[in-house]
Amino acid sequence: MTDLVTLRAGWALWGKQPGGRQDYSVLGSSPGPFSQAEFEAIITRFTVGSPDVTATGAAALPWVTVSWVGVDNDPYLGIAITDQTGQVDGFGRPTTQKAYFCVSYAQLARTPVSYWDLYSAVARQAPALRAAGGPMIEFTVPALSSARLAEAVRRAGEQTVAATAALLLSGSVNVVQAEGTELRDRLEFIDAVASLLPYGYRLRFSGSTWSDNGAKHRVRLVFAGRPRDDTAVVPWRRAVAIPAAGRLSLAYYDRLSRLAQDPAQSRDAVGLTAVIEHMAADVAPRTFDEPQGALATLTRLDHPGLAKYLAGLGE
């Protein structure tokens, strides 16, 4: 039986009043943990462009973006769902609406959860949000399952997912050639990639299931119709090459790939599920400015590799 955890979340509703001529803004929010002005700053920080409500395929709404916000010693993870409203503004243009939720990282550090399960829970809450505001909400989410995430990694392609996780340690990544995918495929890919990094990196991890090609944004892992010039490129479910210049990413990928092999086939391996479980247990806050922390987490699991390393030091 899957363990369940009850989470408490703040929320904000971002959009336009029907028939209004004002720009997009926070229509309503919970009384905490942020003010409406702070919610607005958080939401706009992780905007990935203006969706086309007539788009089809992977570019069609809803778009889901996972993010973070740091507030002193009380950081939060965020998730935003952008969708159609079926309404128009005062200029006759179709409008969209974004339901944003944030959960204290302290809750997740006690019992980690996956992005997919978090999305599934808040998506049920989104229709009940009101522009007039309201209290913080509570919902129940399954605890993170390393076995289920291992299956998500395999469905998306172990080499592709592992290489993407390694590339994120060096910078932003665009996933392309995914036009024929469903929302769940893309969000589970983001989940799978995050599962191959220490859980504490979620305090600086951001990802989106689709993005506007022309938008300049700060989201680290995004799906797009075409890549930006300043990002690494990952083709959907295809082999990914890591540039030789990315030495740390290469080292991380090599060690991760070796450890995730079937233990029956390699004496140095522990298996994919064990790797994910080990990563989920490392909830210490991390930033991508310190990518060596991810390699250190792998090293603690890599007993043969650690022994070789210590032997090289004469220990």
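Residues numbered from 1 in each chain as written. Predicted model: local features only at pLDDT ≥ 70, side-chain atom pairs only at ≥ 80, totals over all residues. Heavy atoms only, no water.

**Thoughts on the environment of V234**
No. 1: Its location among the elements puts V234 in strand β10 (residues 232–235).
No. 2: We classify V234 as buried; its relative accessible area is 0%.
No. 3: The residues contacting V234, other than those within four sequence positions of it, are T160, T164, L167, V173, N174, V175, V176 and V240. (Helix = DSSP H or I, 4+ residues; strand = E, 2+ residues; numbered from the N terminus. Buried < 20%, exposed > 50% of the residue type's maximum accessible area, 1.4 Å probe, protein only. Contact = heavy atoms within 4.5 Å.)

**A few points about the packing of helix α3 (residues 115–125) against helix α6 (residues 183–195)**
No. 1: For the pair α3 and α6, the least separation of the axes is 8 Å and the interaxial angle reads 135 degrees. Here α3 is positioned oblique relative to α6, judged by the angle of their axes. Two secondary-structure elements touch here, α3 through Y115, W116 and Y119 and α6 through L183, R184, L187, E188, I190, D191 and A194.
No. 2: Among the residues forming the contact of α3 with α6, the class breakdown is seven nonpolar, no polar and three charged. (Axes fitted to C-alpha atoms, helices over the stretch in contact; angles between N-to-C directions. Parallel < 35°, antiparallel > 145°, perpendicular 65-115°, else oblique. Nonpolar A, V, L, I, M, F, W, Y, C, P; charged D, E, K, R; others polar.)

**A closer look at empty space enclosed by the protein**
No. 1: Going through the model one piece at a time under the given rule, you end up with four cavities of 30 Å³ or more.
No. 2: Of the volumes computed, that of the largest cavity is approximately 110 Å³.
No. 3: In this structure, the largest cavity is lined by 13 residues; those nearest its centre are F46, T65, A80, T82 and K98.
No. 4: With three residues, the top contributor of residues to the lining of the largest cavity is strand β3 (residues 63–69).
No. 5: Of the residues assigned to the lining of the largest cavity, the class counts are eight nonpolar, four polar and one charged. (1 Å grid on protein atoms, 1.4 Å probe; cavity = no way out; pocket = protein on both sides within 12 Å on 5 of 7 lines; lining within 4 Å. Points joined across faces, edges and corners; volume = space filled by probe spheres on them.)

**Structural notes on the pairing of strand β5 (residues 94–104)**
No. 1: In terms of burial, β5 is largely enclosed, as nine of its eleven residues are buried.
No. 2: Across six bridges, strand β1 (residues 4–15) lies against β5 in antiparallel orientation. Among the inter-strand pairings, G10 is bridged to a residue of β5, identified as C102.
No. 3: Alignment of strand β4 (residues 76–88) against β5, held across ten bridges, turns out to be antiparallel. Across the sheet, Y76 pairs through a bridge with S104, a residue of β5. (Pairing = 2+ DSSP bridges.)

**Digging into the packing of aromatic side chains**
No. 1: If you walk through the whole model with that rule in mind, you get eleven aromatic pairs.
No. 2: Measuring from centroid to centroid gives 5.5 Å for W116 and Y119, while their planes differ by 45 degrees, and the two rings are tilted. Of the two residues, W116 and Y119 are both situated in helix α3; the distance of three residues between them amounts to about one turn of the helix. Across the pair, Y119 and W116 agree in class, each one buried.
No. 3: With a centroid separation of 5.4 Å and 55 degrees between ring planes, the pair formed by F189 and W236 is classed as tilted. Of this pair, F189 sits in helix α6 while W236 sits in the loop between β10 and α7 (247–259); the two residues are 47 residues apart in sequence, bridging distant segments of the chain. (Phe/Tyr/Trp six-rings, centres within 6.5 Å; stacked < 30°, edge-to-face > 60°.)

**Concerning the side chain of K98**
No. 1: With respect to the helices and strands, the residue K98 is situated in strand β5.
No. 2: The buried charged residue K98 lacks any salt bridge partner; its closest oppositely charged side chain belongs to D212, at an N-O distance of 11 Å.
No. 3: Beyond its immediate stretch of four places on either side in the chain, K98 contacts A12, L13, W14, I43, T47, A80, I81 and T82. (Lys, Arg positive; Asp, Glu negative; His and termini not counted. Salt bridge = Lys/Arg side-chain N within 4 Å of Asp/Glu carboxyl O.)

**Some words on the side chain of E188**
No. 1: Residue position: E188 is located in helix α6.
No. 2: A distance of 3.0 Å separates polar atoms of two side chains, one belonging to E188 and the other to R155. (Polar contact = N/O pair within 3.5 Å; in protein donor to acceptor, adjacent residues only side chain to side chain.)

**Side note on helix α5 (residues 158–168)**
Side chains that are three or four residues apart share a direction in an α-helix, a result of its 3.6 residues per turn.
No. 1: Counting buried positions along α5 yields nine of eleven residues, so the element is predominantly enclosed.
No. 2: Turning to α5, its buried residues are T160, V161, A162, A163, T164, A165, A166, L167 and L168.
No. 3: Lining the buried residues of α5 we find α4 (146–156), β7 (173–176), α6, β9 (221–223), β10 and α7.

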